[in-house]
Structures are given as C-alpha cells and as structure tokens.
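Below are the chains, spelled out letter by letter.
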Amino acid sequence: MSTDAQSAPAARTPVVDPTLAPDPATLDAAERMSRDELTALQTERLAQTVRHAYTGVAHYRAAFDDAGIDPSDVTELADLAGLPMTSKEDLRQNYPFGMFAVPREQVSRIHASSGTTGRPTVVGYTRQDLEMWAAVGARSLRAAGVRPADLVHNAYGYGLFTGGLGAHAAAETLGCTVIPISGGMTARQVQLIGDFRPDVILCTPTYMLTIIDAMRDAGLDPRESSMRIGVFGAEPWTEAMRQELETSAGIHALDIYGLSEVIGPGVGCECIETKDGPTIWEDHFYPEILDPITGVPLPDGELGELVFTSLTKQAMPVIRYRTKDLTRLLPGVARPMRRIDRISGRTDDMIILRGVNVFPTQIEEIVLAQPGLSPHFQLELSRSGRMDEMTVKVEAEAGHTDRDSAARAVAHEIKERIGVTAAVQVVDHASLERSAGKLRRIYDLRS
Ligand code: DLL
C-alpha cells in the first residue's frame, strides 16, 4: 500500500512516564509473559479455536474443506497464513445466528452492529466469553490509567452497540464505581459531571468534543472539571485530536480499540505511561496485517488491513476476520505484547478523489492545526460533470472573524500534504451536527 503508507501518521517516539504506570503486581499474568511464553500459549489456543470453529460452525467447516485444510494441520502460528479469511459479508450471510459455535441456549448475550446498509452483524457471547471480555476490558482501563475505586462516567451508548455494556463491565470488574449514563442528553451529562465529580470519562472522541462545548455553553471551564482521564474509541481519531482533548479538558486522553465481531471495546488499549498506540491483548486476539487488495500478509511495521483470529472465544470464534481498519503492527513497549498504530482509517471510509486516496483523519489533522477553527468538520462529496469534488465544511471558533484566510490556509494544506484540491467552507460556530456517539464525517451527495 505505497500511497497510504505515505499518508500514514508518523510513528511517535514514546514519551515514557513511569510514574503513571500501574503497579506491576496488579498486571495480569499474560501482560508479564515473555514473547516465547506468549507464542506457546497462542499456538495452543489457536489449535483449539480452529478445532472448535470447524466442529461448531458450518461456514468454517465448508471454508476449510474447500481449501483442503484439516484442523489438525494447524500446529503453529505460521499455519494461519494458509487459512481462509472471514469477512463481514460471511457474517451477514449467516444472519442471525449461523456463526455461533455453541447451541443458542448457551449464548448469554447478543449484540449487533447498527447495520446502516443491509442486515446488521450479530455477535454472541457465552458466560465465559463475557468474563473474558470483562477481564480484557478491565486490563484495558488499567493500562489507560484508571484505578480501582475511580468514579467512571460511561457515555458510550448502551444497547445492541457493544460500547456501553462492554465498557461498563470493564470498569466494574476493575473495581470502579460506574455511572451508566449512555450517550446523548448532553446538558444533563454536564450537570451530573459537576454533581458526581467523576475521575474518568468513557465515550467517543467526537462525543467528548460535544461535552466540552456543552460545558463551555454552561459557563464552565472543562479544564476545571474533576475528570483526570478519558478513554476514547469506537471511531478513528488523530494525535492532533488527542492534543485538543487533553488541553481543552485537562485530562489524559487514551485510545481504546475494539470491534464487535472480535469482542467489543478492549481488543487493545493504550498504556498511559507511553501513549503510543493500543497494545493488542494478544493472549486472546491474534493480529495480522494484510495487503487489503491482495490479501497477502505483510511484515510488522507495514501499513495494511488489520485481521484478527480469536484465541479463546466460545460462542462466536472468528478465524482471520478482516476488520477493514488500516494500521500497522508495532513492537511492544510498555508490555511485551505488540501494539497497533492509531487506525488511520477504514477501507470503507477511504475517499478516492481524482485518483488520490483521502482519509477523514488526514483532514482532521489539518483542521485542528489551523487557528480560528473549531474541531467540528464534515466532508461533503459531490459531482460536477465527470469530476468528483470534496467540500470541507468546518466551524469557525466562536468570535473568530477572518474566515477567508482560515479557509484558504486549510485548502492550501490539503493541496500540499494530500495532493488534492478541495473546497473549504468555514461555517458558523455550532452550525454542524454534533456527535452523540460515532460521528458521521462523510456526506456523499454523488448518487
Ligand atoms: O466500536 C467497539 C468499541 C466501543 C471500541 C467503544 C472502543 C470503544 P463496532 O461498533 O463493532 O465496535 O465498530 C468497530 O470501530 O472496526 C473501527 O473501524 C472503529 N474503531 C473502534 N475503536 C477504534 C479506535 C466498537 N480506537 C469499528 N480507533 C472498528 C479507530 C476504532 N477506530
């Protein structure tokens, strides 16, 4: 992926602040394993998972038989490369419960993606899966600097979305007090943050922007709030957004990664002492990076599509599930397990504008670096004749008047750094739709 590699965010040099690290005695045994011990555990669990998926799921049995693979052939991690991949489409075709590897009565919980296009993606969990999820979630929050007894304001949406209940169980398991506020009704959230004085907030990065704005609207200074840490995920965000959230709210902003098909929030999480991209909890989720076009595995360090094989899941094991998320695998720093770089985008969200690949995260970095502009922006795609056009609509900061020069500066940076011409409209403060969870960035008016 040479063009995307050029546009990938630069790898950060980790700034290690050991004073923020959790007490090593509180880490899970797997977080302290050597690479060799981890490899042995992964190998054993991979063989079990492959057998379980083959026996329990007709889809996997057919896919393995078609590829001429017997589960007993899988004896080492390198054998993964020969196994068939799984896509969201496979899950849709087996809607609703066809990917379950255990009888439905053994499934304790169902979640599902919102499914804006076509059927939703359904996922299931046994009791043991829910315990594993809560444990990796608790591990994630601890890595992010959350501590037992912290008061946690959980503004991820509750319901079929895995964010709310997933983060909830994680915080309870760590020993925190949880406020299950869910998303929306932002004025009320601001009121309760003032009254309850939480230490931690859990929500999407764009919803945190909404909360920050609402605090200011209420005449409050977000930097004066009780909150110390925010654990943000469920949508791509940038290093520039981290700076914005940290300075506007006076918090540490950490990146938590996950997806429903693999488990939910807590597939990996950033460590507060390094803030250098989510550490993947490799004892449960085995990551690979593939060339998104050819499907060929790429070495660590190269940018491509993230693919996961679950190693311990019972209800819905996944073999080489293609996430469509673009990133690269990096060596472990705060833990021996590998990290991923920030997700630079999803293959789904890649805009191809006159032959150039553009990701919303690239625009985010440019907008956030421009004085006088707020972090709220949208991308509108339209067609004039045979030409595709992109308009960046971005809000001016309250009181900022020189909109023309801000618009020109953003257009110039887009041309310089991405290589495409875009129209830039600086619109009124508070005129664009605010996020209540996962924000929609792209408005495609072409069809
Ligand atoms: O969004 C799970 C989650 C909830 C993660 C809360 C973190 C916090 P899904 O709805 O299945 O699950 O969406 C998964 O969201 O494939 C990515 O494209 C995106 N995503 C999740 N976390 C991040 C992140 C939840 N930290 C999809 N950075 C994934 C970038 C993320 N993208």
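Remember, it's a predicted structure, so these values are computed and weren't measured experimentally.

## Details of the UniProt feature "domain: AMP-dependent ligase C-terminal" (unreviewed entry) in the protein chain
Residues annotated in UniProt with the feature "domain: AMP-dependent ligase C-terminal" (unreviewed entry) correspond here to residues 355–446. Secondary structure across residues 355–446 divides into 26% helix and 36% strand, with the first and last C-alpha atoms of the span separated by 16 Å.

## Some details on the packing of helix α5 (residues 127–143) against helix α6 (residues 162–174)
In contact at an axis separation of 7 Å, α5 and α6 are set at 75° when each is read in the N-to-C sense. With respect to their mutual orientation, α5 and α6 come out roughly perpendicular. Contact residues: α5 offers W133, A134, G137, A138, L141 and R142, while α6 offers T162, G166, A167, A169, A170, A171, T173 and L174. Class assignment of the residues belonging to the contact of α5 with α6 gives a composition of 9 nonpolar, 4 polar and 1 charged.

## What to know about the sheet that holds strand β10 (residues 285–290)
Pairing within the open sheet is antiparallel, and its 4 strands lie in the order β10-β11-β12-β15. Looking at strand neighbours, the two that pair on one side only are β10 and β15 (345–346), the edges of this open sheet. The sheet contact formed by strand β11 (residues 304–310) and strand β12 (residues 321–327) spans 4 bridges and is antiparallel. By the bridge assignment for β12, E305 is matched with L326.

## A look at the side chain of S374
Relative to the helices and strands, S374 is located in strand β18 (residues 373–384). A distance of 3.1 Å separates a polar side-chain atom of S374 from the backbone nitrogen of H376.

## Structural notes on the nonpolar core
Across soluble globular proteins, nonpolar side chains have a tendency to be buried as a group. Counting 74 residues, the largest nonpolar core has V146, V231, F285 and F308 as its most contacted members. Here the element with the most residues in this core is α5; it accounts for 7 residues. Ignoring sequence-local partners within four residues, the contact set of V146 consists of L141, V152, L174, C176, V200, R228, I229 and V231. Within the second largest apolar cluster, 25 residues are counted, among which are L192, M208, I212 and A253.

## Looking at the sheet that holds strand β19 (residues 387–396)
Taking strand neighbours across the sheet as the criterion, the 4 strands line up as β20-β19-β18-β21 in an open arrangement whose pairing is mixed. Pairing within the sheet leaves two strands with one partner each, and these edge strands are β20 (423–427) and β21 (442–444). Between one strand axis and the next, the sheet turns by 20° as a mean value, whatever way the strands run. As paired strands, β18 and β21 are joined by 3 bridges and run parallel to one another. The partner of L381 across the bridge, within β21, is D444. Each of β18, β19 and β21 touches helix α10 (residues 360–368); the most contacted strand, β18, lies at about 135° to it. Across the sheet, helix α11 (residues 403–417) touches β18, β19 and β20, and the angle it forms with β20 is around 145°.

## A short note on the site of the ligand
Near the ligand you find 20 residues, and of these D255, I256, S260, D325 and K438 are the closest. Here a nitrogen atom of the ligand sits 3.4 Å away from a polar atom, N or O, in the main chain of E235. In the environment of the ligand, a nitrogen atom lies 2.7 Å from a nitrogen or oxygen atom belonging to the side chain of D255. Of all the elements in the fold, those that place two or more residues in the shell around the ligand are α6 and β7 (252–259). With 5 residues, β7 is the single largest residue contributor to the shell around the ligand.

## Section: the packing of aromatic side chains
The full count for this structure, using the stated rule, is 5 aromatic pairs. Ring geometry for Y54 and F64: centres 6.0 Å apart, planes at 70°, overall edge-to-face. Taken together, the residues span a long stretch of sequence, with Y54 in helix α2 (residues 35–56) and F64 in helix α3 (residues 58–66) at a distance of 10 residues. For the pair formed by Y54 and F64, the shared burial category is buried. Positioned above the aromatic ring of W237, the side-chain terminus of R342 is 4.4 Å from the ring centre. One cation-aromatic arrangement involves R440 over Y443; the distance from NZ or CZ to the ring centre is 4.0 Å.

## Focus: α6
Taking 1.5 Å of rise per residue, 13 residues should cover 18 Å, and α6 covers 18 Å from first to last C-alpha, within 8% of that figure. Those residues of α6 not exposed but buried are T162, G163, G164, G166, A167, H168, A170, A171 and L174. Directly beyond the C-terminal end of α6, a positive phi value near 100° is found at G175.

What counts and what doesn't
Residues numbered from 1 in each chain as written. Predicted model: local features only at pLDDT ≥ 70, side-chain atom pairs only at ≥ 80, totals over all residues. Heavy atoms only, no water. UniProt positions renumbered as here; feature names shortened; annotations may be inferred. Helix = DSSP H or I, 4+ residues; strand = E, 2+ residues; numbered from the N terminus. Axes fitted to C-alpha atoms, helices over the stretch in contact; angles between N-to-C directions. Parallel < 35°, antiparallel > 145°, perpendicular 65-115°, else oblique. Contact = heavy atoms within 4.5 Å. Nonpolar A, V, L, I, M, F, W, Y, C, P; charged D, E, K, R; others polar. Pairing = 2+ DSSP bridges. Polar contact = N/O pair within 3.5 Å; in protein donor to acceptor, adjacent residues only side chain to side chain. Core = buried A, V, L, I, M, F, W, Y, C linked by side-chain atoms within 4.5 Å. Buried < 20%, exposed > 50% of the residue type's maximum accessible area, 1.4 Å probe, protein only. Near = heavy atom within 4 Å. Phe/Tyr/Trp six-rings, centres within 6.5 Å; stacked < 30°, edge-to-face > 60°. Lys NZ or Arg CZ within 6 Å of the ring centre and 35° of its normal. Expected span 1.5 Å × (residues − 1).

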